[in-house]
Amino acid sequence: MKIQLLDPLVAQRIAAGEVIERPASVIRELLDNALDAGAKTIVASVTDGGLEEIKLIDDGEGIEPEDLPLLCESHATSKVRELDDLYHIKSMGFRGEALYSIAAVSKITIASSFQGQDPYQITVDNGRKEAVLPGGPRIGTMVTVQGLFKELPARRQFLKRPSTEATMARSVLLEKALAYPERAFRFISDQTVRVDLVPTTRKQRVLDVLSLNQNIIPSEMLELYDTAGRFDLYAVCSSPALSRSDRSHIKIYVNNRPIDEYSLVQAVTYGYGELLAGGSFPYCYLFINVDPTLVDFNIHPTKREVKLRNKAEIHHQVVSMIASQIKRSIPRLVKQEMESEDAPLLAPLYESRPHQSHHAGERPGRYEATSQKAPLDSEWFQKAKELLEGNRMQASRSTETDDVWAQQEDEQEFVYLGQAFNLFLVAQKQDDLFLVDQHAAHERLIFDEVRQKKHVQQLMIPLSFEVERDVDAYLLESQDVYLNLGIKLERTDDLLWQITSLPALYRNIESHVISFIQKTTGDAQEVEKGLYAVVACHAAIKAGDSVDRMMAVSLLTKVFALDEPTCPHGRTFVVRLGKNELMKAVQRT
């Protein structure tokens, strides 16, 4: 076959495919331009997930009329003049390919007023440029993108449902907003305001973004600072009392640009070290400001990857900053809200963290620090040392189980003493006090119950949800896995499924069940165990719930009848306080 030059429009659309993958890609590029223009307020809007229309309005300095015809040309930019500029990049955009790529796969209209002068606009329809005409906003720039991929139906097939595409676009805006807390951002989807962020401080912007879909206690988020040589670090990180089961909220920014760099994510986890249990990860938004000559963003079309000449040095400093500035304080067994300057040694500083795993050599009922205040008693360390020397509470989990739990007598009655901190059920058995984590205990009992697969109910209104392509293929082959668990699934369209029946115990936690199905592919045993753990966790009594006496006694009766007091996640949820240990604690021998 003979070699020939591609048609310019074909070449343009091939190049566009490297930069513009979906509506969120358009939002990303337009946001970069608005930020570079010095905009203080940015409004992004999508209609039908961005497939029908994407609009971005900013109050930046605008574009001069004579520059409008150059906007959608390849390699047209105001940010780079010569090769050396690529090694001193301070702007978000620099290639001059964004608008060119968008114009190749949509109809784009750019209307702008340069520094308050008369506004002008230009339209480029899938690569076909029209004349510059008067009209537009009185301040800043408005970009309207219509019919994305309308002339490329094959590309549209790879897009998700409009609601999902809108969510992705929203995520891109939030990602940019985190790096620019001094600017206002608004996101509108189908004429409804979904995000409205006002100018604020760096920490508060992180909290504002997290609060949109996370239940975060502001006092558990810490600010960290460090500087070294030709870079400085700033981070908003969670205390050891707050963690997640994945790394999805460890975000890295270099010179205000979000990047994917696993080694720096790893540095964050290394910094926490043993402050977090295995399988637990922090919230951490790390902002690295580095000398532009040491960084190269020009290695990936979407600028998500970066080359750092001093990456090893940055990695070391991140680990050092977190390890030195985030500390676990001396645990005292109280709720965070009840911290007191003059509290005795055993008055608490921590709340128990659910789903904490315990290893040999650790005390059952381990607690995580939520405060960095030290007790006022100057002799606290000596008292603690004397208390713990030879103390049976230092026994491993297996030893504690063998010595106490396995030796319980069936006829041995317990006395329910009450509920502590709306978290622990307190009971006495002979010379032992038992503190039972109400959530984990109830979780275990529900776990045992749902495994019996009782009371499956037909739903009057099926629950619909969308899945990724790999999950879709898995469900097509493995519907019986869920059917055996009492969940009947039906496929209604490409990537679209619905639940038509569920066990009665799953009522009110349907969203968690759907979330589990959307991200799970595995053998039947893995699915069964994972689903039961999810259901048991979310249906159980929560920490902070008030429990009446009848329910507490019923719960404790079942707990003491268990062969082993562990929750579905493997955590021991019972703490034993022996009479002798308590007497030693108050120096009564």
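Not measured: the values here are computed from a predicted model.

A. Spatial organisation of the overall build of the protein chain. In terms of helices and strands, the protein chain carries 16 helices and 25 strands. Taking all 589 residues of the protein chain together, 49% fall into the buried category. At a minimum sequence separation of 6, the contacts of the protein chain that also span at least 24 residues come to 65%. On the protein chain, roughly 29400 Å² of surface is accessible, and the fraction owed to carbon and sulfur atoms is 50%.

B. Highlighting the environment of Arg 156. Secondary-structure assignment places Arg 156 in helix α4 (residues 153-156). In sequence terms Arg 156 and Glu 21 are 135 residues apart; their C-alpha atoms lie 9.6 Å from each other. In this structure the side chain of Arg 156 is engaged in a polar contact, spanning 3.1 Å, whose partner is the backbone oxygen of Leu 51.

C. Layout of the pattern of salt bridges. The full count for this structure, using the stated rule, is 14 salt bridges. In this structure, Lys 176 and Asp 32 form a salt bridge, with 2.7 Å as the shortest nitrogen-oxygen distance. Of this pair, Lys 176 sits in helix α5 (residues 162-179) while Asp 32 sits in helix α2 (residues 23-36); the two residues are 144 residues apart in sequence, bridging distant segments of the chain. Of the two residues examined, Lys 176 and Asp 32, each falls in the buried class. Here Glu 261 makes a salt bridge to Lys 311, at a shortest N to O gap of 3.6 Å.

D. View of unusual backbone geometry. Of note, the phi angle at Asn 255 is positive, near 50°, even though the residue is not glycine. Given a relative accessible area of 18%, Asn 255 falls into the buried group. Notably, Asn 256 is not glycine yet its phi reads approximately 70°, a positive angle. Note on placement: Asn 256 falls in the loop between β12 (250-254) and β13 (257-259). For Asn 256, a relative accessible area of 32% translates into the label partly exposed.

E. Broad picture of the confidence of the model for the protein chain. On average, residues of the protein chain carry a pLDDT of 78, and 75% of them reach 70 or more. Scored below 50 in pLDDT, residues 329-403 shows 149 contacts in the model against residues more than four places distant or in partner chains.

F. Expanded view of the sheet that holds strand β11 (residues 231-238). The mixed open sheet is built from five strands, whose spatial order is β10-β11-β14-β12-β13. Each edge of the open sheet carries a strand with a single partner, namely β10 (221-228) and β13. The sheet shows a mean angle of 20° between the axes of neighbouring strands, direction not considered. Sheet analysis places β12 next to strand β14 (residues 284-290), joined by five bridges and oriented parallel. Within β14, the residue paired with Ile 252 across the bridge is Leu 286. Of the strands in this sheet, β10, β11 and β14 are in contact with helix α8 (residues 311-325), which crosses β10 at around 135°.

G. Geometry of the nonpolar core. Within the largest apolar cluster, 61 residues are counted, with the highest numbers of intra-cluster contacts made by Ile 108 and Ile 110. Formed by 31 residues, the second largest nonpolar core is a distinct cluster that contains Ile 259, Leu 264, Tyr 272 and Leu 308.

H. Representation of the sheet that holds strand β23 (residues 488-493) in the model. The antiparallel open sheet is built from three strands, whose spatial order is β22-β24-β23. Whereas interior strands pair on both sides, the edge strands pair on one side only; in this sheet they are β22 (456-466) and β23. The mean angle between the axes of side-by-side strands here comes to 25°, regardless of whether they run parallel or antiparallel. Of the pairings in the sheet, the one linking β22 to strand β24 (residues 496-503) comprises seven bridges and is antiparallel in character. By the bridge assignment for β24, Val 456 is matched with Pro 503. In this fold helix α12 (residues 469-483) packs onto β23 and β24, with an angle of close to 155° to the strand it touches most, β23.

I. Fine view of the side chain of Asn 310. Examined against the element boundaries, Asn 310 turns out to sit in the loop between β16 (307-308) and α8. Ignoring anything within four residues of it in the chain, the contact list for Asn 310 reads Phe 231, Val 290 and Leu 294.

J. Geometry of the packing of α12 against helix α13 (residues 510-519). The N-to-C vectors of α12 and α13 enclose an angle of 120°; their axes lie 10 Å apart at closest approach. As summarised for this structure, α12 and α13 are arranged oblique, according to the angle between their axes. Here Val 471, Leu 475 and Tyr 482 of α12 come into contact with α13, specifically with Phe 516, Ile 517 and Gln 518. Partitioning the contact of α12 with α13 into residue classes produces five nonpolar, one polar and no charged.

K. Structural detail: the side chain of Gln 498. For Gln 498, the position within the fold is in strand β24. Those residues in contact with Gln 498 that lie beyond four places of it in its chain are Pro 462, Leu 463, Ser 464, Phe 465, Lys 488, Leu 489, Glu 490 and Thr 492.

L. The packing of α5 against helix α6 (residues 202-210), seen in detail. Running from N to C, α5 and α6 point in directions that differ by 160°, and their axes come no closer than 9 Å. With respect to their mutual orientation, α5 and α6 come out roughly antiparallel. Crossing hand, α5 versus α6: left-handed. Residues Leu 174, Ala 177 and Leu 178 of α5 form the contact with α6, whose participating residues are Arg 205, Val 206 and Val 209. Here the contact of α5 with α6 is built from residues that sort into five nonpolar, no polar and one charged.

M. Molecular detail of the environment of Arg 230. In this fold, Arg 230 is placed in the loop between β10 and β11. Along the sequence, Arg 230 and Pro 292 sit 62 residues apart, while their C-alpha atoms lie 9.5 Å from each other. In contact with Arg 230, other than residues within four places in its own chain, are Asn 289, Val 290, Asp 291, Thr 293 and Leu 294. One polar contact links Arg 230 to Thr 293, side chain to side chain, over a distance of 2.9 Å.

N. Here's a closer look at the packing of aromatic side chains. With the rule as written, the count across this model stands at five aromatic pairs. With centroids separated by 4.8 Å and ring planes inclined at 25°, the aromatic side chains of Tyr 253 and Phe 287 adopt a geometry described as stacked. Within this pair, whereas Tyr 253 is found in strand β12, its partner Phe 287 is found in strand β14, the two being separated by 34 residues in sequence. Relative accessible area serves as the criterion here: at 9%, Phe 287 is assigned to the buried category. Between Phe 434 and Phe 560 the ring centres are 5.5 Å apart and the planes differ by 80°, which places this aromatic pair in the edge-to-face class. Within this pair, whereas Phe 434 is found in strand β21 (residues 432-437), its partner Phe 560 is found in helix α15 (residues 549-560), the two being separated by 126 residues in sequence. Residue Phe 560 is classed as buried on the basis of its relative accessible area of 11%. Each member of the aromatic cluster is reached from another via a ring pair, and the members are Tyr 225, Tyr 234, Tyr 253 and Phe 287. Over the face of the ring belonging to Tyr 234 we find Arg 202, whose NZ or CZ atom lies 3.9 Å from the ring centre.

What counts, and where the lines are drawn
- In this convention, every chain numbers its residues from 1, walking through the sequence in written order.
- Note on the predicted model: pLDDT of at least 70 is required for a residue's local features to be given, and 80 or more for side-chain atom pairs to be given and counted; whole-chain, interface and lining totals, by contrast, use all residues.
- Only heavy atoms go into the side-chain values, all of them from the structure, while hydrogens and water stay out.
- Here a helix means four or more residues in a row that DSSP labels H or I, a strand means two or more in a row labelled E, and each is numbered from the N terminus.
- For every residue, the accessible area obtained with a 1.4 Å probe (protein chains only) is divided by the maximum for its type, and the residue is called buried under 20%, exposed over 50%, and partly exposed between those limits.
- Only heavy atoms enter the contact rule, under which two residues are in contact if any of them lie within 4.5 Å.
- In short, Shrake-Rupley with a 1.4 Å probe defines the accessible areas, and a residue's cover is counted only from the protein chains shown.
- Polar contacts, as used here, are pairs of N or O atoms within 3.5 Å; protein pairs need one atom able to donate a hydrogen and one able to accept it. Residues neighboring in sequence count only if both atoms are side-chain atoms.
- Put simply, a salt bridge is a Lys or Arg side-chain nitrogen that is within 4 Å of an Asp or Glu carboxyl oxygen.
- Residue-level confidence of the predictor is summarised by pLDDT, bounded by 0 at the bottom and 100 at the top.
- When DSSP finds at least two bridges between two strands, those strands are taken to pair.
- The axes are straight lines fitted to the C-alpha atoms, using for helices just the contacting stretch, and the angles between their N-to-C directions are given from 0 to 180°.
- By nonpolar core we mean a set of buried residues, namely Ala, Val, Leu, Ile, Met, Phe, Trp, Tyr and Cys, connected to one another through side-chain atoms within 4.5 Å.
- Angles are sorted into four bins: roughly parallel if under 35 degrees, roughly antiparallel if over 145, roughly perpendicular if 65 to 115, and oblique for all others.
- Residue classes follow a fixed rule: Ala, Val, Leu, Ile, Met, Phe, Trp, Tyr, Cys and Pro count as nonpolar, while Asp, Glu, Lys and Arg count as charged, and any other residue, Gly among them, counts as polar.
- Left-handed describes a crossing whose near helix is turned anticlockwise from the far helix by less than a right angle; the clockwise case is right-handed.
- Put simply, two rings from Phe, Tyr or Trp (the six-membered ring, in Trp's case) pair if the centres are within 6.5 Å, and we call them stacked under 30 degrees between planes, edge-to-face over 60, tilted for the rest.
- In our convention, an over-ring charge means Lys NZ or Arg CZ found within 6 Å of a ring centre and within 35 degrees of that ring's normal.

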